[in-house]
Amino acid sequence: MTDAAELKRRTAQLLADHPPATTARQDFLQARFDAGLAWVHYPEGLGGLGAPRSLQAVVDAGLEAAGAPDNDPRRIGIGLGMAAPTILKYGTEEQKQRFLRPLWTGEEVWCQLFSEPGAGSDLAALGTRAVRQDDGDWVVNGQKVWTSSAHVARWAILIARTDPDVPKHAGITYFLCDMTDPGVEVRPLRQITGEAEFNEVFLTDVRIPDARRLGGIGDGWRVAQTTLNNERVAIGGMRLPREGGMIGPVAKTWRERPELRTHDLHQRLLKLWVEAEVARLTGERLRQQLAQGQPGPEGAGMKLAFARLNQEISGLEVELRGEEGLLYDDWTMRRPELVDFTGRDAGYRYLRSKGNSIEGGTSEVLLNIVAERVLGLPSEPRTDKDVAWKDLAR
């Protein structure tokens, strides 16, 4: 049985065999994965040791103290938080061996091809089609939208409609799509911030081998639930120190700029500071629960809180700064690899946070999830539940 003492020993051995000061970053990350210290709760041979998830902190603390490089988790967050747990649960052994190592080391970036122009909140209504060919491969045609990291991604998790003659949830299949294949076109989608962090992706006769199907044919909705539950936890339950995230810059400004303070702003800041701390501690509790099993609908509640708090805190920051808050540092069109909320100014945080209640599931949909799956309230009436997708009004 792998315990904390054994993990400390293995971490020390990794550092002795591959000193961070003299080992190339990529070589160190690969060695860490092969030693089972990437994510210790994963099986042996897949970057883990089958140890309790809670013991990952033992490894991380030892490596951080030694100055070892990390895998830049913000840049590869979609792979780590969404693709990896789905591949682990539903992938074949060949798929796990092929994809998990370069995913974790950051050699291959992933994106998510789920939402469509006509299927955002109602994701199961998606219309991208995948048609089986005589040789067993699939040919995919359609359009996806709001795709973070598509411009730098090598792989994508993709859901497509494989049977239009059954109700919408039943006719979906899950695939792993090579973003470098012919027929995949990525176009920038410029946002209110001026950046094109998101993209729209057009798929024209993209051929996907059946070996890159994840799960059974028509079972894509169930597979996608694993991805979506993990996504909401990844967005809303990220580990932060006290005053980490959006509340940090506001608190810093309050302390350093006493001339900006008013009684009303003080009361609002206190309220939001407490709520941010409650959300942070709740996220920690949720991660401890995850260590005992799979993520459930509770992640939807955390993601809801994350979106609301970010928008309220960024609004307060703009008001606190007064005329300065109306300034914006740079409207240059960029295609960034990650979102940096604390590295830009108050105007950027205010504008970018507007997307928090859309990305990762709209707040309206997440409220339904919390109501039905957490609180056990009756679900809303659905007239399309037993209607074939091809017969739905669009």
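Residues numbered from 1 in each chain as written. Predicted model: local features only at pLDDT ≥ 70, side-chain atom pairs only at ≥ 80, totals over all residues. Heavy atoms only, no water.

*Asks:* So, the overall build of the chain: which residues are in play, and what are the values?
*Replies:* Secondary structure summary: the chain contains 11 helices and eight strands in total. Expected size for 394 residues packed as a compact globule is a radius of gyration near 21 Å; at 22 Å, the chain falls within 12% of this value. Taken along its principal axes, the extent of the C-alpha atoms in the chain is 70 × 55 × 45 Å. Looking at the 394 residues of the chain, the share that counts as buried comes to 50%. (Helix = DSSP H or I, 4+ residues; strand = E, 2+ residues; numbered from the N terminus. Rg over C-alpha atoms; globule rule 2.2 N^0.38 Å. Buried < 20%, exposed > 50% of the residue type's maximum accessible area, 1.4 Å probe, protein only.)

*Asks:* Break down the state of the cysteines for me, with residues and values.
*Replies:* With the rule as written, the count across this model stands at zero disulfides. In this structure C111 is a free cysteine whose sulfur lies 7.8 Å from that of C177, the closest cysteine sulfur available. (Disulfide = S-S within 2.5 Å.)

*Asks:* Run through the nonpolar core, naming residues and quoting values.
*Replies:* Within the largest apolar cluster, 33 residues are counted, with the highest numbers of intra-cluster contacts made by W39, L100, W110, F114, I157, I159 and Y174. Every element with two or more residues in this core is listed here: α2 (25-34), α4 (77-90), α5 (93-105), β4 (155-161), β5 (172-178) and α6 (220-236). Among the elements that line this core, the one with the most residues is α4, at six residues. Y174 has contacts with T86, F114, I157, L158, I159, R212, R213, L214, G220, V223, A224 and T227, leaving out every residue within four places of it along the chain. Of all hydrophobic cores here, the second largest spans 20 residues; its members include A130, A156, A160 and M179. (Core = buried A, V, L, I, M, F, W, Y, C linked by side-chain atoms within 4.5 Å. Contact = heavy atoms within 4.5 Å.)

*Asks:* A description of helix α1 (residues 4-17) should follow, citing residues and the corresponding values.
*Replies:* Its 14 residues place the ends of α1 20 Å apart at the C-alpha level, agreeing with the 20 Å of an ideal helix rising 1.5 Å per residue. When we look at burial in α1, the residues that qualify are L7, T11, L14 and L15. For α1, the arc enclosing every buried residue in end-on projection is 95 degrees, short of the 170-degree limit, so these residues lie on one face. Exposed and facing more than 90 degrees away from the buried side of α1 are A5 and A16. As for α1, its buried residues are in contact with α2 and α3 (56-65). (Expected span 1.5 Å × (residues − 1). Arc of directions from axis to C-beta.)

*Asks:* I'd like a description of the environment of A346, backed by residues and values.
*Replies:* Tracing the backbone through its elements, the reader meets A346 in helix α10 (residues 346-352). Residues A346 and R255 lie 91 residues apart in sequence; the distance between their C-alpha atoms is 16 Å. For A346, the contacting residues outside a window of four places in its chain are E317, V318 and R321.

Function cannot be read off these values alone, since they describe shape.
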